[in-house]
Structure formats: C-alpha cells, structure tokens
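Analysis of the macromolecular model
Okay, here's what each chain looks like letter by letter:
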Amino acid sequence: MIDSNYKLWEEQDELKNIEKKANQNHIPIIDKKTANILKTIVLIKKPKLILEIGTAIGYSTLWLAEYSPQYSEIVTIERDEELLNLASKNIKDFGYKDKVKFKFGQAEEIIPYFRRKFDLVFIDAAKGQYLNLFKKVQEKISDNGIIICDNVFYKGLVRKNKKLTHKIRTIVVNMRDFLHYLEENDDFKTDIIDLADGISISRRRNKDEESRTAGPGR
Ligand SMILES: C[S@@+](CC[C@H](N)C(=O)[O-])C[C@H]1O[C@@H](n2cnc3c(N)ncnc32)[C@H](O)[C@@H]1O
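Numbering of residues begins from 1 in every chain and follows the order in which that chain's sequence is written. Selection of residues for local features in this predicted model requires a pLDDT of at least 70, selection of side-chain atom pairs for listing and counting requires 80 or more, and totals for whole chains, interfaces and linings are taken over all residues.

On to the nonpolar core. A set of buried Ala, Val, Leu, Ile, Met, Phe, Trp, Tyr and Cys residues, joined to one another through C-beta atoms within 7 Å, is what we call a nonpolar core. Residue burial is a threshold on neighbouring C-beta atoms within 10 Å of the residue's own C-beta, all placed from the backbone, with 20 or more meaning buried, 12 or fewer meaning exposed, and counts in between meaning partly exposed. Grouped together as the largest cluster of nonpolar side chains are 56 residues, with contacts concentrated most on Val121, Ile123, Ile147 and Met175. Here a strand is any run of E in DSSP of at least two residues, a helix any run of H or I of at least four, and the numbering for each starts at the N terminus. Broken down by element, this core gets its largest block of residues, six residues, from helix α7 (residues 166-184). By the convention adopted here, residues make contact when the C-beta atoms placed from their backbones lie within 7 Å. Filtering out sequence-adjacent residues up to four positions away, Val121 remains in contact with Leu51, Val137, Ile141 and Ile147.

This brings us to the sheet that holds strand β3 (residues 100-104). In any sheet, the strands associate via hydrogen bonds between backbone groups, in a parallel or an antiparallel arrangement. At least two DSSP bridges between two strands are required for those strands to pair. Pairing is mixed across the open sheet formed by seven strands, whose spatial order is β3-β2-β1-β4-β5-β7-β6. Taken across any chain shown, the strands that pair with only one partner, and hence form the sheet edges, are β3 and β6 (188-193). The sheet shows a mean angle of 15° between the axes of neighbouring strands, taken without regard to direction. Where strand β1 (residues 49-53) and strand β2 (residues 73-78) come together, five bridges link them in parallel fashion. Residue pairing in the sheet places Leu49 in a bridge with Glu73 of β2. Only the stretch in contact is used when fitting a helix axis, every axis being a line fitted to C-alpha atoms; angles between N-to-C directions are given from 0 to 180 degrees. Seen against the sheet, helix α2 (residues 32-45) touches β4 (118-123), β5 (141-150), β6 and β7 (199-204) and runs at an angle of roughly 170° to β5.

With that settled, the discussion passes to the packing of helix α3 (residues 59-67) against helix α4 (residues 81-93). Relative to each other, α3 and α4 sit at 30°, their axes nearing to 10 Å. It follows from the interaxial angle that α3 and α4 lie roughly parallel. Considering how the two elements wind past one another, α3 and α4 form a crossing that is right-handed. For the pair α3 and α4, the contacting residues are Thr61, Leu62 and Ala65 in the first and Ala87, Asn90 and Ile91 in the second. Only Asp, Glu, Lys and Arg are considered charged in this grouping, and only Ala, Val, Leu, Ile, Met, Phe, Trp, Tyr, Cys and Pro are considered nonpolar; every other residue, Gly among them, is considered polar. Residue composition of the contact of α3 with α4, grouped by class: four nonpolar, two polar and no charged. Oblique is the label for every angle not falling under 35 degrees (roughly parallel), over 145 degrees (roughly antiparallel), or within 65 to 115 degrees (roughly perpendicular). Helix crossings are classified by the rotation of the near helix relative to the far one: an anticlockwise turn of less than a right angle makes the crossing left-handed, while a clockwise turn makes it right-handed.

The environment of the ligand is made up of 19 residues, and the closest members are Gly54, Tyr59, Ser60, Ala107 and Ala125. Mapped onto the shell around the ligand, the elements with two or more residues apiece are α3, β2 and α5 (107-110). Among the residues forming the shell around the ligand, the class breakdown is ten nonpolar, four polar and five charged. For each residue, a C-beta atom is positioned from the backbone; the residue is called near a molecule or strand if that atom sits within 6 Å of it.

With that settled, the discussion passes to the environment of Phe134. With respect to the element layout, Phe134 can be found in helix α6 (residues 130-137). Residue classification places Phe134 among the buried positions, given that 22 C-beta atoms sit within 10 Å.

Turning next to the pairing of β4. Along β4, six of the six residues are buried, which leaves the element largely enclosed by surrounding structure. In terms of strand pairing, β1 meets β4 through four bridges, oriented parallel. Opposite Glu52, over in β4, you have Phe122 as the bridge partner. Bridge analysis of β4 against β5 gives five bridges, and the strand direction is parallel. Residue pairing across strands places Ile123 opposite Cys149, the latter belonging to β5. By convention, orient the strands away from the viewer: a clockwise path from the first strand over the helix to the second makes the crossover right-handed. As a crossover connection, the stretch from β4 through α6 into β5 is right-handed.

With that out of the way, let us pick up α2. Taking 1.5 Å per residue, 14 residues should reach 20 Å; α2 reaches 20 Å between its end C-alpha atoms and fits that length. The inward-facing, buried residues of α2 abut α3, β4, β5, β6 and β7. Within two residues after α2, Lys46 carries a phi angle of roughly 50°, on the positive side. Working rule for helices: expected span equals 1.5 Å times residues minus one.

At their nearest, the axes of α2 and α3 sit 9 Å apart, and the two run at 25° to each other. When the axis of α2 is compared with that of α3, the two are roughly parallel. In the packing of α2 onto α3, the handedness of the crossing is right-handed. Taking contact as the criterion, the partners of Ala35, Leu38, Lys39, Val42 and Leu43 in α2 are, on α3, Ser60, Trp63, Leu64 and Tyr67.

Take a look at the structure:
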C-alpha cells in the first residue's frame, strides 16, 4: 500500500551511498533522469539478455538488474579492473550476483566474440568511441532489440558552436558523426531524448518492416 512512508527501490540509503561515493571519487554515473529512462524501458520491454558497455562501479547495472525480469541476464563490460572489482562487490551486496556477468577489457575487442543476440544494449563508455561501439554491437541485436546511448549531446557541446581544445573537439566531432550515422541507418530507427545529457534510443527494425522513411511521423 502506498502511504507517507512509501519508498521506491532507488530511494534506499545503500544506493544513495553509492551515488555519494561516486561523486566523492569523481566516478561518472548516470543521471537520475537517464536511470529513470532505463527503468521505464526495461520494465516495458522485459529484455532477456542485456549488454552494458561501461560498468564503472555498477550503478547503472544495479538499475538494470533491479527493474529487469528475474529471468534476465546482464553482461557488463569495463576496461578498468579496479572499478570492475568495486562493481562486482556492489552487485553482490545488492543480491544480483547470479544475474550479472562481468567482462573485463576493451568492449571493441570483446563484442565480436558474443554469439547470442541482445535485446537491450546500454552504451555509456568513452564518448569518442560511440560510432565504433555501435557498429560493432549492431550485428548482435535481436529483432526489435534496442540500443540506448547516454550523453549523446556530450555536455551540451554537440549542439553548440564553441571554441574547444583539440581533445574535446575530437570527441564532439566523433559524436556528431555518430548521430549522423544513426540518422542515416536503415536498420535502426533512432529517437533522441532531450533529457540529462541527451539519450539516443535506437530500435532495430525487424526484417518485415519497411525501410526508413524520412520526416515526421516516421
Ligand atoms: C560513464 S562511466 C560508466 C558509468 C556507469 N554506466 C554508471 O552509470 O554507473 C564510463 C565507463 O566506461 C569505461 N569504458 C570507457 N570506454 C570503454 C571501452 N571501450 N571498453 C570498456 N570500458 C570502457 C570507463 O572505464 C568508465 O568506467
């Protein structure tokens, strides 16, 4: 029953502690709005097999694990071993040890070895690598499967004309190339959500579906 003491799973102190630690240690984790988008999609889509690229300390993994069905399996990739160990501890502490499989290494190198198709992929890794990662993962998506990418506006800079350092400019240019690739991609229909730092949601068209038709009401 909902009364004045009612709490959502995400309001528990244990999760708030993880958010606090991430903040204190400058470990980037998903924004609450992104987390709620993930929660909503996972609740509706009920994906059997989920891939996450960019685990960090497992904060977003926890949201995926909590809101996906019991039968779901989550594979999460992280290239920083220290972070992956922290993530593993967090997942265990929250009781999702059996649901989450960790892969250590560069996602680009790991993805080609996957033999099963994913129903949902969440990309939250190096922002200059999204195009490369998407191209690698798109072959591994089930019909109607979804790829969600976080921070596609990259600190808002993708939609600004600002003088930038070479490094940041490269990331911004790469992100723009990635968004252009999504726009032109006949196999996936992409929508961009103007929440947090921009979230793209790309749905794989099934084989019988008509190919892309441009313009509103697609
Ligand atoms: C923004 S953090 C992930 C945050 C996490 N999704 C969360 O919300 O709790 C990005 C992480 O991706 C990892 N990463 C970046 N590029 C990667 C790659 N190509 N392969 C594997 N891990 C990568 C980084 O080490 C970093 O820990």
